[in-house]
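Report on the structure
Chain by chain, the residues run as shown.
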Amino acid sequence: MFDAFSPALIEMFVDSLWETMVMVAISGLVGALIGIPLGVFLRLTDDGGVLHSPVANRVVGGIVNAVRSTPFIILLVAIIPLTRLLTGSSIGTAAAVVPLTIAAAPFMARLVETSLREVDHGLIEAAQAMGATTRQIVFKVLLPEALPGIVAGLTISFVSLTGYSAMAGAIGGGGLGDLGIRYGYQRFLPEVMLAVVLVLILFVQAVQSLGDWAVRRLSHR
């Protein structure tokens, strides 16, 4: 069944796996750098937040919801001008990082906001009673207490990004998705498609296991 795997194809498989790892890692890290502050802002400005501001919360929350509700395949095409502006091209691994990051950031923001909601409000009130500033409340109370939940949310995000990166292959984004479409689908090599699926399953399992391990190490409950 796997006679079609020539040395050249195996080399392409390795390169595609590396491209997928690069896409997921970069977009996940940049998405986290954007999404975590967004999630903190949404929690601080929400009802019961330290910086309660309904207008700001609705505006930012509306933007986050708008991006989250856009199907990724449509987002890929819709922001091609921005992708070309930032990377100089609309195809390839670097180009795929742009829509992946834009898709990841609001998703992570909502997961971070949800984790911060789980922090006991009594701890925040106690910190306020001791004269803690907003910055101190965020970095000494909210984030440390919610860290296991935030890491769990980031793990979910990285797993989702793996699926999105495969979808990016539909428009030449590179990675395993591109390999599966070009060889498994367009050239009628089902064994290649099967191999791509198996590798993606193993990759997702590795990401999930690493995230679960990190959550167990960070959890102090």
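As a convention, each chain's residues are numbered from 1 in the sequence order in which they are written. Local features in a predicted model are, by the rule used here, given only for residues with pLDDT of at least 70; side-chain atom pairs are given and counted only at 80 or more, and totals for whole chains, interfaces and linings are based on all residues. Hydrogen atoms and water are omitted, and side-chain values are computed over all heavy atoms in the structure.

1. A closer look at the overall build of the protein chain
Looking only at helices and strands, the protein chain has nine helices and zero strands in total. In sequence order, the protein chain lays out its α and β elements as α-α-α-α-α-α-α-α-α. With the C-alpha coordinates of the protein chain rotated into their principal frame, the extents come out at 70 × 40 × 25 Å. We call two residues in contact whenever any of their non-hydrogen atoms come within 4.5 Å of each other. When contacts within the protein chain are restricted to residue pairs at least 6 apart in sequence, long-range pairs at least 24 apart make up 73% of them. Surface exposure here means Shrake-Rupley accessible area, sampled with a 1.4 Å probe, where a residue is shielded only by the protein chains that are shown. In the structure as shown, the protein chain presents an accessible area of about 11,700 Å², 68% of it carried by carbon and sulfur atoms. The positive count covers Lys and Arg only, the negative count covers Asp and Glu only, and His and the chain ends enter neither. Where a charge sits is defined by one atom per residue type, namely NZ (Lys), CZ (Arg), CG (Asp) or CD (Glu). If the 13 positive side-chain charges of the protein chain are averaged to one point and the 14 negative ones to another, these points end up 7 Å apart. Starting at the N terminus, helices and strands are each numbered in turn, a helix being any DSSP run of H or I of at least four residues and a strand any DSSP run of E of at least two.

2. With respect to empty space enclosed by the protein
In the cavity and pocket records, a cavity denotes points on a 1 Å grid over the protein atoms alone where a 1.4 Å probe fits but cannot get out, a pocket denotes an open set with protein on both sides within 12 Å along at least 5 of 7 lines, and lining residues are residues with an atom within 4 Å of a point. Grid points are joined across faces, edges and corners, and a volume is the space filled by probe spheres set on the points. Throughout the structure, instances matching the rule amount to two cavities of 30 Å³ or more. A volume near 80 Å³ is recorded for the largest cavity. Along the walls of the largest cavity sit 13 residues, with L76, S90, A95, P99 and I171 positioned nearest its centre. Going through the elements one at a time, α4 (80–87) and α5 (93–117) are the ones with two or more residues in the lining of the largest cavity. Sorting elements by how many residues they give to the lining of the largest cavity places α5 first, with three residues. When residues are grouped by polarity, Ala, Val, Leu, Ile, Met, Phe, Trp, Tyr, Cys and Pro land in nonpolar, Asp, Glu, Lys and Arg in charged, and all others, Gly among them, in polar. A class-by-class count of the residues in the lining of the largest cavity yields eight nonpolar, five polar and no charged. The volume enclosed by the second largest cavity comes to roughly 40 Å³.

3. Regarding the packing of helix α1 (residues 7–44) against helix α7 (residues 134–168)
Between two packed helices, both the angle of their axes relative to each other and the distance between the axes serve to describe the pair. The geometry of α1 relative to α7 is characterised by a closest axis approach of 9 Å and an angle of 140° between their N-to-C directions. For the crossing formed where α1 meets α7, the hand is right-handed. Two secondary-structure elements touch here, α1 through T20, M23, V24, A25, S27, G28, L29, A32, I36, V40 and L44 and α7 through T134, V138, L142, L143, L154, F158, L161, T162 and S165. Lines are fitted to the C-alpha atoms to define the axes, a helix being fitted only along its stretch in contact, and any angle between axes, read from their N-to-C directions, falls within 0 to 180 degrees. The hand of a helix crossing depends on one turn: near helix anticlockwise from the far one by less than a right angle means left-handed, and clockwise means right-handed.

4. Thoughts on the side chain of E113
The residue E113 is located in helix α5 in this model. Excluding anything up to four places from it in sequence, E113 contacts G39, L42, R43 and D46.

5. Considering the confidence of the model for the protein chain
Confidence scores labelled pLDDT are given residue by residue by the predictor and lie between 0 and 100. Looking at the protein chain, pLDDT values average 88 and 97% of them are 70 or higher. Looking over the protein chain, one finds the lowest element-wise mean pLDDT in helix α8 (residues 175–185), namely 80, and the highest in helix α2 (residues 54–68), namely 93.

6. Details of the environment of G122
Mapped onto the elements, G122 comes out in helix α6 (residues 121–129). Note: C-alpha distance between G122 and S157 (35 residues apart in sequence) is 29 Å.

7. What about a nonpolar patch on the surface?
Candidate patch residues must exceed 30% relative accessible area and have no salt bridge, after which like charges are joined if within 9 Å and Val, Leu, Ile, Met, Phe, Trp or Tyr side chains if within 5 Å. Each salt bridge in this description consists of a side-chain nitrogen of Lys or Arg and a carboxyl oxygen of Asp or Glu lying within 4 Å of one another. On the surface, Y185, M193, L194, V197, L198 and I201 cluster together to form a nonpolar patch covering roughly 540 Å² of accessible area. It is helix α9 (residues 190–218) that provides the largest number of residues to the nonpolar patch, a total of five residues. With respect to the secondary-structure elements, Y185 resides in helix α8. Buried residues are those whose accessible area, probed at 1.4 Å on protein chains only, stays under 20% of the maximum for their type, while exposed residues exceed 50% and partly exposed ones sit between those limits. Taking the relative accessible area as the measure of exposure, Y185 reaches 58% and is therefore exposed.

8. What to know about the packing of aromatic side chains
Centres within 6.5 Å make a pair out of two Phe, Tyr or Trp rings, where for Trp the six-membered ring is used; the pair is then stacked when the planes are under 30 degrees apart, edge-to-face when over 60, and tilted otherwise. Under the defined criterion, the tally for this structure stands at one aromatic pair. A ring pair is formed by F72 and Y164, whose centres lie 4.6 Å apart and whose planes are at 15°; its orientation type is stacked. With F72 in helix α3 (residues 72–78) and Y164 in helix α7, this pair connects stretches of sequence that are 92 residues apart.

9. Some details on the pattern of salt bridges
Counted according to the given criterion, the structure contains three salt bridges. With a shortest N-O distance of 2.2 Å, R117 and D46 are connected by a salt bridge. On the criterion of sequence distance, the pair formed by R117 in helix α5 and D46 in the loop between α1 and α2 is long-range, its members being 71 residues apart. Residue classification places D46 among the buried positions, given a relative accessible area of 13%. Shared partners join several salt bridges into a network, and the residues in it are D46, R110, E113 and R117.

10. Observations regarding the environment of G131
Its location among the elements puts G131 in the loop between α6 and α7. It is 19 Å that separates the C-alpha atoms of G131 and E145, two residues lying 14 residues apart in sequence.

11. What about the environment of A132?
You can see A132 is positioned in the loop between α6 and α7. By relative accessible area, A132 is classed as partly exposed at 26%. Sequence-distant contacts of A132, defined by excluding residues within four places in its chain, comprise A127 and I137.

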